[in-house]
Each structure stands twice: as C-alpha cells, then as structure tokens.
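# Summary of the model geometry
What follows is the residue order along each chain.
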Amino acid sequence: MTGKHFAVPACVLATVLSLCISLVPAGPGADGGTDIVSVSAREFRLRGLAAKGLDLLFERRGRVYMVVSREEIASLAAGRVAFTFETARFSPPMPAPAAPAAGGLNGAYHSSLELETELRLLEAAYPQIAGVREIGRSLEGRPIYGLKVSDNPALDENEPAVLFTGCHHAREWISVEVPLLLGRHLLESYASDPAVRSLINGGEIWIVPLVNPDGLEYSIHVYRYWRKNRRANSDGSFGVDLNRNYGYMWGYDNVGSSPTPSSDIYRGTTPFSEPETDAVRRLFAGRDFRAVVSFHSYSQVILYPWAYIAQPSPMDAELSDLARTMSGLMAAVRGTVYAYGPSASGIGYTSNGDTTDWTFGVAGIPSFTIELPPADVDEGGFFNDEAEIDGIFRENLQAMLFLAGRAIGAAPPARLSLRDQDKRRKLPARFKLFRGTPLSPGD
Amino acid sequence: MERRSAPTRLFPAGLAVGLFLCLAAAAPAEAQLVLGQYEDEAPLGSWNVFGAVGARALGSGGIRIARAWDGSVSMTNPALLLSLPRVSAGLTASYSAASLFRYSLVNTGVLSSMSNLFVGVLAFETGTFAHRFGEWAVAFTTGLIETYSRPPISLSYSSAYALTMRQTGSLRAYNLAAARRLGRRFSLGLGFNVVDGRLDRTVTEEWPEDGITITDDRSERFRGAFVNAGLRADLSPRVGVSLAVRTPYLRTSAGQSLLQYEARDSGTDIRIEAEARNEYKQPWVAGAGVDWRLSKAWSVAADLVYFGWSRYSVVYFEEPVARRFRDVVTAAAGIECGIKGRLGGRPVRFPVRVGVTYDPQPMDDVHSRYLAFTFGAGLRSGPFAVDIGGSIGREAGSGNSLRAGRIALSLGYALDAR
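### Quick look at the overall build of chain A
Summing up its helical and strand segments, chain A has 15 helices and twelve strands in all. In chain A, which comprises 443 residues, the proportion classed as buried is 57%.

### Thoughts on the overall build of chain B
From N to C terminus, chain B includes two helices and 19 strands. The C-alpha radius of gyration of chain B comes to 23 Å, within 12% of the 22 Å expected for a compact globule of 418 residues. With the principal axes as the frame, chain B shows a C-alpha extent of 85 × 45 × 40 Å. Relative to its full complement of 418 residues, chain B shows a buried share of 44%.

### Observations regarding the environment of Ala297 of chain B
Residues and elements named next belong to chain B. Considering the arrangement of structural elements, one finds Ala297 in the loop between β11 (285–293) and β12 (298–307). Overall, Ala297 belongs to the partly exposed group, with 16 C-beta atoms counted inside 10 Å. Between the alpha carbons of Ala297 and Glu336 there is a distance of 7.8 Å; along the sequence they are 39 residues apart.

### Points about helix α3 (residues 70–78) of chain A
Where α3 of chain A is concerned, the buried positions are Arg70, Glu72, Ile73, Ala74, Leu76 and Ala77 of chain A. Against the buried residues of α3 of chain A lie β1 (34–40), β3 (63–69), β4 (83–85), α7 (194–202), α10 (316–334) and α13 (389–409) of chain A.

### A closer look at the pairing of strand β8 (residues 204–208) of chain A
Residues and elements named next belong to chain A. Of all five residues in β8, five are buried, a share of seventy percent or more. The side-chain alternation of β8 yields two buried faces, one formed by Glu204, Trp206 and Val208 and the other by Ile205 and Ile207. With three bridges connecting them, strand β6 (residues 143–149) and β8 associate as antiparallel partners. Within β8, the position partnered with Lys148 by the bridge is Trp206.

### Overview of the packing of helix α6 (residues 174–189) of chain A against α13 of chain A
All names here are of chain A. Running from N to C, α6 and α13 point in directions that differ by 60°, and their axes come no closer than 9 Å. Put simply, α6 runs oblique to α13. Helix-helix and strand crossings are classified by hand; for α6 and α13 the assignment is right-handed. Across from Ile174, Glu177, Val178, Leu181, Leu182 and His185 in α6, the residues of α13 making contact are Ile389, Ile392, Phe393, Asn396, Leu397 and Met400. Of the residues in the contact of α6 with α13, the class split is nine nonpolar, two polar and one charged.

### Description of the sheet that holds strand β10 (residues 301–304) of chain A
Picture the strands of a sheet paired through backbone hydrogen bonds; they go either parallel or antiparallel. All names here are of chain A. The strand order across the open sheet formed by eight strands is β5-β6-β8-β7-β9-β12-β10-β11, and the pairing between neighbours is mixed. Here the strands that pair on one side only, and so sit at the sheet edges, are β5 (130–137) and β11 (339–342). Between one strand axis and the next, the sheet turns by 20° as a mean value, whatever way the strands run. Two strands pair when backbone bridges link them, and strand β9 (residues 288–297) and strand β12 (residues 367–372) are joined in this way by six bridges, in the parallel orientation. Considered in β12, the bridge of Ser297 is made with Leu372. Contacts from helix α9 (residues 275–285) reach β5, β6, β7 (160–165), β8 and β9 within the one sheet, and its direction differs from that of β5 by about 135°.

### Considering the pairing of strand β6 (residues 186–207) of chain B
All names here are of chain B. Inspection of the sheet shows strand β5 (residues 161–182) paired to β6 by 21 bridges, in the antiparallel sense. Looking at β6, one finds that Leu176 is bridged to Phe192. Where β5 folds back onto β6 in an antiparallel hairpin, the turn is made up of three residues, including Gly183, whose phi is positive at roughly 70°. As judged from the 22 bridges shared by β6 and strand β7 (residues 212–234), these two strands associate in the antiparallel manner. Note that in β7 the partner of Gly189 across the bridge is Gly230.

### A closer look at the interface of chain B and chain A
Frequently, the measure chosen for interface size is the accessible area removed from exposure when the parts meet. Listed as interface residues are 27 residues of chain B and, on the opposing side, 24 residues of chain A. Where the side of chain B that touches chain A is concerned, the elements lending two or more residues are β7, β9 (249–263) and β10 (268–282) of chain B. A total of five residues in the side of chain B that touches chain A trace back to one element, the largest contributor, which is β10 of chain B.

### Description of the sheet that holds strand β2 (residues 55–60) of chain A
Residues and elements named next belong to chain A. The strand order across the open sheet built from four strands is β2-β3-β1-β4, with neighbouring strands paired in antiparallel fashion. The sheet terminates laterally at β2 and β4, the two strands that pair on one side only. Within this sheet the neighbouring strands show an average axis-to-axis angle of 30°, counted without direction. Relative to β3, β2 is paired through five bridges, and the arrangement is antiparallel. Of the residues in β3, the one forming a bridge with Glu59 is Val64. Where α3 meets the sheet, its contacts fall on β1, β3 and β4, and the angle it forms with β3 comes to roughly 125°.

### Here we look at the confidence of the model for chain B
Residue and element names in this part refer to chain B. Model confidence for chain B is summarised by a mean pLDDT of 90, while 90% of its residues fall at 70 or above. Here helix α1 (residues 6–25) stands out as the element of chain B with the lowest mean pLDDT, 51, in contrast to strand β8 (residues 239–246), whose mean of 98 is the highest. Long-range and interchain partners of residues 1–7, a stretch whose pLDDT sits below 50, account for one contact in this model, where long-range means more than four residues apart. The low-confidence segment residues 20–37 (pLDDT under 50) makes 38 contacts with residues lying over four places distant or belonging to another chain. What the predictor reports for the complex is a pTM of 0.83 with an ipTM of 0.87.

### Some points on the nonpolar core
Counting 133 residues, the largest nonpolar core has Val162 and Leu403 of chain A as the members making the most contacts within it. Of the residues forming this core, the biggest block, twelve residues, is contributed by α13 of chain A. Residue contributions to this core reach at least three from each of two domains, namely domain 1 (10–90) and domain 2 (104–432) of chain A. Sequence-distant contacts of Val162 of chain A, that is, excluding residues within four places in its chain, are made with Gly203, Ile205, Trp206, Phe289, Arg290, Ala291, Leu403, Ala404, Ala407 and Ile408 of chain A. If you look at the next biggest cluster of nonpolar residues, it comprises 49 residues, including Trp69, Ala139, Ala332 and Ala333 of chain B.

### A few points about helix α12 (residues 355–363) of chain A
All names here are of chain A. Among the nine residues of α12, nine are classified as buried, and the element is accordingly described as predominantly covered. Within α12, burial applies to Thr355, Thr356, Asp357, Trp358, Thr359, Phe360, Gly361, Val362 and Ala363. Those residues of α12 that are buried lie in contact with β7, α9, β9, β10 and β12.

### With respect to the environment of Val53 of chain B
Residues and elements named next belong to chain B. Residue position: Val53 is located in the loop between α1 and α2 (55–59). For Val53 and Tyr312, which are 259 residues apart along the polypeptide, the C-alpha to C-alpha distance reads 23 Å. Not counting residues up to four positions away in its chain, the partners in contact with Val53 are Leu58, Gly62 and Arg64.

### Brief notes about the packing of α3 of chain A against α10 of chain A
All names here are of chain A. Orientation of α3 relative to α10, taken along the N-to-C sense of each, is 110°, at an axis distance of 8 Å. With respect to their mutual orientation, α3 and α10 come out roughly perpendicular. Judged by residue contacts, Ile73, Ala74, Ala77 and Ala78 of α3 engage Asp321, Arg324, Thr325, Gly328 and Leu329 from α10. Partitioned by chemical class, the residues of the contact of α3 with α10 number five nonpolar, two polar and two charged.

### Observations regarding unusual backbone geometry
All names here are of chain A. Backbone torsion omega between Ser297 and Tyr298 reads -5°, so that peptide bond is classified as cis. Look at the link from Pro305 to Trp306: it is a cis peptide, with omega at 0°. As for its position among the elements, Trp306 is in the loop between β10 and α10. Although it is not a glycine, Asn152 sits at a positive phi angle of roughly 50°. Its location among the elements puts Asn152 in the loop between β6 and β7.

### With respect to the environment of Met400 of chain A
Residue and element names in this part refer to chain A. Inspection of the secondary structure assignment puts Met400 in helix α13. Met400 sits in the buried class, given 26 other C-beta atoms within 10 Å. When the C-alpha positions of Met400 and Leu329 are compared, they lie 9.3 Å apart, and in sequence the two are 71 residues distant.

The rules behind the values
- Residues numbered from 1 in each chain as written.
- Chains lettered and ligands numbered in written order.
- Predicted model: local features only at pLDDT ≥ 70, side-chain atom pairs only at ≥ 80, totals over all residues.
- Helix = DSSP H or I, 4+ residues; strand = E, 2+ residues; numbered from the N terminus.
- Buried ≥ 20, exposed ≤ 12 C-beta atoms within 10 Å, placed from the backbone.
- Rg over C-alpha atoms; globule rule 2.2 N^0.38 Å.
- Contact = placed C-beta atoms within 7 Å.
- Pairing = 2+ DSSP bridges.
- Axes fitted to C-alpha atoms, helices over the stretch in contact; angles between N-to-C directions.
- Parallel < 35°, antiparallel > 145°, perpendicular 65-115°, else oblique.
- Left-handed = near helix turned anticlockwise from the far one by under 90°.
- Nonpolar A, V, L, I, M, F, W, Y, C, P; charged D, E, K, R; others polar.
- pLDDT = per-residue confidence, 0-100.
- Core = buried A, V, L, I, M, F, W, Y, C linked by C-beta atoms within 7 Å.
- Domains from an automatic or database assignment.

Structure (structure tokens):
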C-alpha cells in the first residue's frame, strides 16, 4: 500500500482493522517500534506526506491512517505535523498497568511504602534488566530508591544514561506515577519491542520516582498541599524546597528562591543541604547521564534551562527542537497540548537552584522539567483524577522514549564549558563567580 | 477522742512531701522536638490510659489499683470490688482541658502558632453499679477512657481564602467484672471490656472567589475487647497490696476517607475515596499498688503502672505507620483525710484529698512527661456522697510547657456501708 491511499466503505473497515491488528502488535511501542497514526487528509496532502514513503493503510472520514516507525514519528513531530496515535484503537487494549501496592488514603497513587513494594516487585519480575538501588535516605530516614533499567543492572558499565525523577514537590502525586509507569513499561516491553530492547541494552535508564518521600507522606496523612521536604527549620517552620536546593546558581537571587525558611520556595541553608537532593547529586555524579527529565505538576508544559534567569541558554535552539518534538509526540496521543519553552519565560517566573538548571549547568545535557497536567487550577491543580494516571503516562511515553533514544543513541554531548557560554551570551555577574571552579556532576 | 503525738500527726503530711520530692527527682532528662506530629489517635492529655477515673480517685492522684473509690475500679483492679459497700452506684461528669502545640496542621509546617492552643471537653465520664454478696462481688461500669478532640482551627483572609480543621472523637469502654474472696487475705477479680468510639477529622480549604474547595475528610469507628484482672492481698488490717493487669488487644476501626477537589466554575470534582480496616495494637498494662490506712482519718495509697508501648503498632488505611514508642512507668500517690462533722444536725464526713502523678509519655524521640498535682474534697452523708476532684498537670520535655487539667464531679450512692 505504500505510496497511495484510498477510501474504504465502512463494511470492509473491520476486515482492514483486523489486518492491522495482525500487522501491528498491541500498544504503542510494543510492536517492534511501529505504530498506527492518523493525519488529516488535508494536512497529508499539504505536507506532501505521500512522497515520504510512509506505509499507508487507508483513508477514512477525512483522515489518513498509516503505519510508521519511531523515527518516522519523530520526523512527523519535528515537522510539526499534527498526527494522532491510533494504535490503541485498532489493537487489543494494553493491560492496565498493575499497581499491586496502591490503595489507601491516596487511592491509586503510591505512597513511599507502596512505591518500594512496587519497585521490589518489578525487580523480582525482571531481575535481568531491573535493579533497585537505595540512592539515599530522607531526613526522616525513608529510603530514596532509584530503579535502574539496563542489561546487567548490577554492573556499572559506564553506559550512556538517562535520568527521570519525580516528586521533588510532595503534593505533585502524579509526578511519582509517570516515571514509575515508564519504568514498568520499559521492563514489560523489553522482550517484545526492539526499540526498547535497544535502549536497555545500550544504556541505563534511571528512574527515581520519589525524591521527597517525607513530604509525600505528610501530604498524604496531614496536609494534601504540602510542597517541601520535612526539614525542621531554625525558626520553627518546616521544609526546604528541594527544587531550589541544587547547586547551580543556588541562591542566585531572592526572587527565584527564598532565604526565608517559612517560604514555600525556601532554598535551604546551603546547596545540597538536604539529603534528598544530595542523593540525586550522588547518583548523578558517578554516571554518564545524557539527558534528564524532572517531572512536576501542574501546568502542562515542557521547560528547559535556564530557570534562574530569563535569558536563553547556549543550547536554546537544540533544547527547543527537542521540546517541540516531545510536545508533538504528546499531543498526538490524545490531543493534550504541552506548551514548551525556557523555564524562566515558559512559566513566567524565575527559579534558581532547580534540578534541570543544575544538570544542564554542570553537565551540559538536555534537561527538561515536565509539568504534567492539568493545565490550570480549574481542572484540578495538583489533583489528578485516578482514572487519568494512565492517560497522562501514555501521552508522555512516546516523548520519553524519544528523548531516551536520542540520549542513549547519540554521541556524548559536548560539555558546556564556561568559555562556550561566554562566547554565546553575556553572562550575569553572579555567574562569573563560578569561573575557574571545576564544574562536574558532583558539584 | 484518741490523742496522738506530734510526730504521728505530721507523718501523713511528711509522707506526701516525701512522695512529691521522690517523683520530682525521678524526672528524666530534657528532650527535644516533635510531639504527636502525625498522631491523630493520641488521647487528649496523655497516652497512658488505664481505666476510668472518678472524682475521688482523681483527687487522690489518680489512684486506681491500690484502692477502690467506687465501682469504676472494676476497669482496673476488679478484686477491689469486694472492698465496696454491699450496693454502690455512681455517676461522674468531667471537664478535661489540655494544651497542644504541635498537632495535625499546627506547627508542623502549615500553620504556626506563637503559643499553645487549648481544647476542653465536657463529658459524662463514668457510670457504675456494683453489688457485693457473700464472697462475691459484681459490677458494671461504663467509662469514657479516651478523647481525641483537638483545638479547632478556623482562619480566613478576607473572602479569598479560608481554612478550617476539626477533630473530635472519644472512646468509651463497657466493663463487666466479678470478684471473689480467696481465704481471709486475698481477693481476685476479672473484668471483660469492650470499647466503642469514633474519631472524625475534617480539613477544608476554600478559595471562594475562585470557587475551589479542597476537603480532606476522615472518620474511624473503633471497636475492641480486652480483659483486665486484679489481685488484692491484705497484709494487715491497715495495709494492702494490689496487682492489676490489662491484656494487650487489637483495637480496630472501620476507616473512611474522602479527599475531594471541587472547582465550581469548571465543574471539576475529583474524589479519592477509601475504606479500610485500621488496626491499633494496644499494649499490655500492668500495675502494682499499696494502700495504707494510717488511722481512721488518714490513709495513703500509691500506684505504679507499666505501659508496654514499645509493642504498640498501627496499620492505618492499609499501611503500617511508624510509632517510635518506648515502655513507660507512671507513678501516682495520694493521701486522704476524713474529717467528721455535722451538717444540719446530721453526721457527715468531709474527705479531703491531695495527690501527685508522674506521667511519662511514650514517644521515644521526645522524652516528655507530665507532673500533675491533684486535689479533691467530698461530702458524705448516710448513703449519699458527692465528691469533686481535680488535677493540674504541666509537661516538660517537649519545650512547649504543655498543660493538662481535669475537674470531675461524682455523685455516689452506697447502701449498707461496711
């Protein structure tokens, strides 16, 4: 069917769809790297997609359906072609992600203990490609776990790695679920999806779904809208904003973070003063991370450095391209549009000492903060309906696989040196204080 | 009237002073940080609850193992039922107040308070009926043994934001006990107890102008059953010693939770609802007491009670919840002086009581303890008695100087006093 499309009567559609099912195994990404997508017939013609060598299936009700590889999906997204994933419609439904430990006050969301149980179950089910590491402990002594998805998970093979983190902020429950489900998907798809298998064999995917377990427990048991960790501050207040406690441009100004302990954006007494951020720092320091995603909620945006200042980073164009592609992949799943842009301008305010400024600043790797749905407070704010968890994960899945593929498959990024940055833009005065300081992931 | 030497007359007062000094000297070292941070189930005032305390017992330091003041002793040491009149009945009402500094949303990060917050609870505390016949005695008692109220929170910023927090609840025990005399010196008692209660907690945040409301609503209905037993040995006509024990038991609750986000304008209504069987594994309790009748007018008594809190555990909405607790021993001592007189031409007796209680709390992180002074007085005329008792306690160890106090009024009826 390559190179042409045609209309089909409704009576034969079922037959064609049955053929699709036999041709394309279940679920996005679970089929050896192909999916069914649809594009409006108008856009199909305007974009000249017929000449792209895509594997067309049929045209129906003004949309053209086709089988595309993951590379073709990325190409469509990069070309801003509006397409929709249709695989799930034409194939047996994927089994809902099991959440054997979920329940209780927080419903289908995971508490610290439930998460540990789930990670241990995954490790036991996929011992060849999953390893659970305690990367540190919280202030109240709760373990902070990292799930390493890689072949030979017990070995440090110095492979290129990607890091996905969640729940720096306690009330953002959905940000635990998305990276956790990503880990589950990778493990479950390893046997059937060559693209996933290639990622896992060729690199390390690290998932730290819960950076702030103390805060999460407080959010579950005492106050749902708790944000920070549970540091008992000197003035009687509680909590440090973990996403203001990283070392790059920490305390750059008092707008993007606060020196006041009672503030919701209190940055702590020193960079990495909190064991939770220190755990991430230690994990990051010894490995060859090529990309980082820090999940948050809410706003439905993809953000990239800089956050501490409203100026473009030296890699602004590249990060923007990646974000645009990811946004396109997300929108294609079920139409959810994630806006994207530099953190400081994307969300309208600066923040200093955040995760992705640090990973980008010290390692020069693509670093994204993804603010998960909803888009605004009227749709739930920090609340997401339990029934939405899977949908939000699915609309992020392809984008995460794309980014991981780019990072693990790509050559090591040229580390951003201060000299490079100086060439590309005028640096703020505070930035220059770091000149001459060795910048490494351990900073 | 019997004349006594000065040293003999001063002995009870000296004993009371000595007891107080011993208890004060036994206070543990200062400790730190958080009191009851996550522990909504903490009884108001003190974790260490063993039975119910009427006005007479309260005024005498809360003595509940060494001596029987009324039928409510069946909830601690039922062996003492044999020391009560042939028929006795009593009712107690109380007002309890306590201050808290760190609880729920308060001073744990959400709301800060410059000083302690108080809450008071007025309650029908105990009702008891006891009957002694021959070598046997039986009693039925109901007692309010725990309350879970917290100082309510209600604050708002103009019409833009409002936050309220309410927590109320209590636990009532129903006790059926029997005792039997064993020979001339011993008596043994056994009680069967069921508990029933509830705890309700609601936190509501509203942004009225935006039409957004967040509700966190939880409730629990408690159930449980345990056995208590006591043994009394009369060493002499004036001195008796007692032992009492309460079995560990599983207090369960049917818990319900609703976490809801409502946005009026958009019609958003997100709910997370849960039901669970919660479990509170209550520790065993054992105590010993001594009762010394110095004369017809004066008597002293003291109790030591051990609470095995290190075995306390909680499963709350399907998850074990950490409670770092240690075993503790409480101590109490009281003295009573009965003054005879006439009122309206009728012979009456005016008992006056004082006591002291040392009450260390089980939290391992915070070695907090209450030291309380108690007082009471009564009027006894024929079969009728009215007593009032109170306690004033101050906490040390948390750094917050918490207070706890109670005042109780008991009405008693005793037929065929011994």
